Amino acid sequence: MKILVLNCGSSSIKYKLFNMESNEVVAQGGVEKIGMKGSFLKLTLPNGQKVQLEGEILEHRAGIEYIFGVLLSEKYGCIKSLDEIDAVGHRVVHGGERFNKSVLITDEVIEMLEECIELAPLHNPPNLKGIFAIKELLPDTPQVSVFDTAFHQTMPDYAYVYGLPYSLYEKYGIRRYGFHGTSHRYVSKRACEFLNVPYESQRIITAHIGNGVSITAIKNGKSIDTSMGMTPVEGLMMGTRSGDLDPGVISYIMEKERMSALGVSTLLNKFSGVLGISGISSDMREIEAGIKENNPRAILAMNTYNYRIKKYVGAYSAVLGGVDILVFTGGVGENQWVTRSTVCENMEYMGIELDEELNRSVRAKEVVISKPTSKVKVLIIPTDEELTIAKDTMEILGR
Ligand SMILES: Nc1ncnc2c1ncn2[C@@H]1O[C@H](COP(=O)(O)OP(=O)(O)O)[C@@H](O)[C@H]1O
Ligand SMILES: CC(=O)OP(=O)(O)O
Ligand SMILES: [Mg+2]
């Protein structure tokens with residue numbers, strides 16, 4: 001059985017084609033700069049080599065057609081006919097309160113997804129474009145929607161409600177939803193399998209530290225709190241997103257800089273966080289390079305970034321009543337030892353004892369990085385959102 005997983009963003013479409021019998025990725029890549037000058041498709045060949053193919057890709061449907069062309073091509077292809085694709089699984093960012101698990105996409109589901117657009121105007125419209133394109137191009141192929149928000153629907157009301165007039169929640173659904181749920185679910189379960197402990201009775205903190213950053217408290221297999229909010233800008237500091245901030249600052253900036261709502265949203269989402277503080281880049285590898293050159297703003301960006309993760313670990317330890325497992329994942333969580341080390345520093349009081357030497361020497365693989373005496377097991381678990389989406393898709397189709 002072959003399942004195509006799509007992650008449609010505003011100007012990009014990432015794809016992976018899985019052979020579910022062997023759990024293998026048979027093709028992967030992405031279209032970038034959709035609707036812009038210089039759009040292209042980048043693919044990774046089975047031998048790891050990367051290939052870039054230029055093409056005029058004006059909108060999402062054309063992007064998916066381009067991907068199909070490559071999947072079928074003699075030179076880079078891996079299938080002979082599109083009929084070999086048994087199902088398509090989509091990453092959908094916002095499922096609001098309507099979806100607490102993955103679903104088969106029907107016309108009724110599409111209507112509900114359209115109702116969620118208001119909550120995620122940046123993310124859901126491109127997700128829907130992908131769904132519509134597949135509906136047209138592969139009308140007989142089942143599609144499944146896997147939501148970033150679904151795993152967090154188990155949060156208690158006191159964790160998700162904001163301190164605003166309750167009517168705003170009733171009127172617009174303004175509350176915490178949380179994101180990266182597919183990743184938090186996958187790595188928390190994987191950690192328990194790896195440690196051979198029952199998922200249903202653990203207190204787990206999962207730190208997804210990538211371009212977007214979020215942290216989740218999981219008790220007895222359920223998300224009970226998470227750092228992202230109604231939108232993915234709340235919580236930890238990220239590559240380009242501010243994370244937590246005094247709400248008073250927003251109206252102040254709008255007034256002082258004569259900024260519109262859209263302007264301030266762009267500022268908080270695209271020009272803040274690590275990029276905003278450092279003035280160098282949103283990419284942690286470049287921040288590390290800046291630190292080597294003693295760039296004070298790179299140092300400040302790194303310190304702020306790590307400090308905030310530590311603060312949330314402490315908060316979620318309180319929320320969970322102690323911690324059994326702490327998981328690091330995402331591009332930074334898997335690769336950057338200094339963040340893991342700083343977060344775990346002086347945490348012996350709550351049972352975290354990191355094996356410093358081991359932590360420095362490992363990256364991007366499943367490994368326990370705490371000392372054998374550590375009460376809290378600290379792990380790196382590389383996330384795999386796409387495989388989780390493919391597995392959900394297969395499960396929903398009852399195969
Ligand atoms: N070797 C590394 N050392 C430090 N940071 C890294 C390394 N590799 C990747 N990263 C960081 O991971 C980020 C991307 O994380 P990832 O989880 O892949 O992002 P996305 O949210 O786009 O899926 C990059 O911006 C970079 O900061
Ligand atoms: C929802 C979200 O924050 O996703 P990403 O980290 O992929 O930007
Ligand atoms: Mg990611």
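Per chain, residues are indexed from 1 in the order of the written sequence. To read the labels, note that chains go from A and ligands from 1, taken in the order they are written. At least 70 in pLDDT is required for a residue's local features to be given in this predicted model, at least 80 for side-chain atom pairs to be given and counted, and no such filter applies to totals for whole chains, interfaces and linings, which use all residues. Based on all heavy atoms of the structure, the side-chain values leave hydrogens and waters out of the count.

Looking at an unreviewed UniProt entry, one finds the protein named Acetate kinase and attributed to Petrimonas mucosa. UniProt positions are given in the numbering used here, feature names are shortened, and annotations may be inferred rather than shown by experiment. Reading the Pathway (unreviewed entry) entry of the UniProt record for the protein gives the comment "Metabolic intermediate biosynthesis; acetyl-CoA biosynthesis; acetyl-CoA from acetate: step 1/2." In UniProt, the protein has this text filed under Subcellular location (unreviewed entry): "Cytoplasm".

The next point concerns the overall build of the protein. Here a helix means four or more residues in a row that DSSP labels H or I, a strand means two or more in a row labelled E, and each is numbered from the N terminus. The number of helices and strands found in the protein is 15 helices and 14 strands. A compact globule built from 399 residues should have a C-alpha radius of gyration of about 21 Å, and the protein, at 21 Å, falls within 12% of that. Across the protein, the fraction of contacts at a sequence separation of at least 24, relative to all contacts at a separation of at least 6, is 61%. All accessible-area figures derive from a Shrake-Rupley calculation using a 1.4 Å probe, and residue coverage is judged against the displayed protein chains alone. Taken as a whole, the protein presents about 19000 Å² of accessible surface, with 51% of it coming from carbon and sulfur. For the radius of gyration, the atom set is restricted to C-alpha positions; the globular benchmark scales as 2.2 Å times the number of residues to the power 0.38. Contact criterion: two residues are considered in contact whenever any of their non-hydrogen atoms come within 4.5 Å of each other.

In this section: the pairing of strand β5 (residues 50-54). We call two strands paired when DSSP finds no fewer than two bridges between them. As defined by bridge partners, strand β4 (residues 40-44) adjoins β5 across five bridges and the pair is classed as antiparallel. Of the residues in β5, the one forming a bridge with T44 is K50. The turn linking β4 back onto β5 is made up of five residues, and G48 within it adopts a positive phi angle of 90 degrees.

Turning our attention to the site of ligand 2. We call a residue near a given molecule or strand whenever any one of its heavy atoms falls within 4 Å of it. Taken together, R91, D148, F179, H180, G212, M228, P232 and R241 make up all the residues around ligand 2. Any pair of nitrogen or oxygen atoms within 3.5 Å is treated as a polar contact; in protein, a donor-acceptor pairing is required on top of that, and neighbouring residues in sequence qualify only through side-chain atoms on both sides. R91 places a polar side-chain atom, nitrogen or oxygen, 3.1 Å from an oxygen atom of ligand 2. Measuring from an oxygen atom of ligand 2, one finds a backbone N or O atom of G212 at 3.4 Å. Relative to its unbound accessible surface of 260 Å², ligand 2 loses 81% to contact with the protein. Each residue gets one of three labels, nonpolar for Ala, Val, Leu, Ile, Met, Phe, Trp, Tyr, Cys and Pro, charged for Asp, Glu, Lys and Arg, and polar for the others, Gly among them. Taken together, the residues of the shell around ligand 2 sort by class into three nonpolar, two polar and three charged.

This part covers the sheet that holds β5. Strand-to-strand pairing in sheets goes through backbone hydrogen bonds, with the strands running parallel or antiparallel. Ordered in space as β5-β4-β3-β2-β1-β6-β8-β7, the eight strands form an open sheet in which the pairing is mixed. One side of each edge strand has no neighbouring strand; the edge strands of this open sheet are β5 and β7 (103-104). Across seven bridges, strand β2 (residues 13-19) lies against strand β3 (residues 24-32) in antiparallel orientation. Across the sheet, residue F18 finds its bridge partner in β3, namely V25. Simply put, an axis is a line fit to the C-alpha atoms, just over the touching stretch for a helix, and the angle between two N-to-C directions goes from 0 to 180 degrees. Seen against the sheet, helix α3 (residues 124-137) touches β1 (2-8), β6 (85-92) and β8 (143-147) and runs at an angle of roughly 165 degrees to β6.

With respect to the helices, strands and loops of the structure, D83 is situated in the loop between α1 (60-72) and β6. As a C-alpha pair, D83 and K171 span 88 residues in sequence and 44 Å in three-dimensional space.

A few words on the UniProt feature "binding site: substrate" (unreviewed entry) in the protein. The positions UniProt marks with the feature "binding site: substrate" (unreviewed entry) are R91. For R91, the location among the structural elements is in strand β6. Discounting residues that sit within four places of it in the chain, R91 has contacts with L6, N7, N127, V146, D148, H180 and I389.

On to the site of ligand 1, then. The environment of ligand 1 is formed by 13 residues, the closest being N211, D283, M284, G331 and N335. N211 is positioned such that a nitrogen or oxygen atom in its backbone is 3.3 Å from an oxygen atom of ligand 1. M284 is positioned with one of its backbone polar atoms (N or O) 2.7 Å from an oxygen atom of ligand 1. Secondary-structure elements contributing two or more residues to the shell around ligand 1 are α10 (284-292) and α12 (330-335). Among the elements that line the shell around ligand 1, the one with the most residues is α12, at four residues. Across the shell around ligand 1, the residue classes break down as two nonpolar, seven polar and four charged.

Before going further, it helps to spend a moment on α10. Residues M284, I287 and G290 constitute the buried set of α10. Across the axial projection of α10, the buried residues extend over an arc of 110 degrees, all falling on one side. Set apart from the buried face of α10 by more than 90 degrees, the exposed residues are R285 and K292. The inward-facing, buried residues of α10 contact α9 (273-278), α11 (296-320) and α12. Capping of α10 at its N-terminal end is provided by D283; its side-chain oxygen lies 2.8 Å from the backbone amide nitrogen of R285. Of the residues flanking the end of α10, it is N294, one or two places downstream, whose phi is positive at about 60 degrees. Accessible area is worked out with a 1.4 Å probe on protein chains only. A residue is then buried under 20% of its type maximum, exposed over 50%, and partly exposed in between. Working note: the arc is built from the helix axis to C-beta atom directions.

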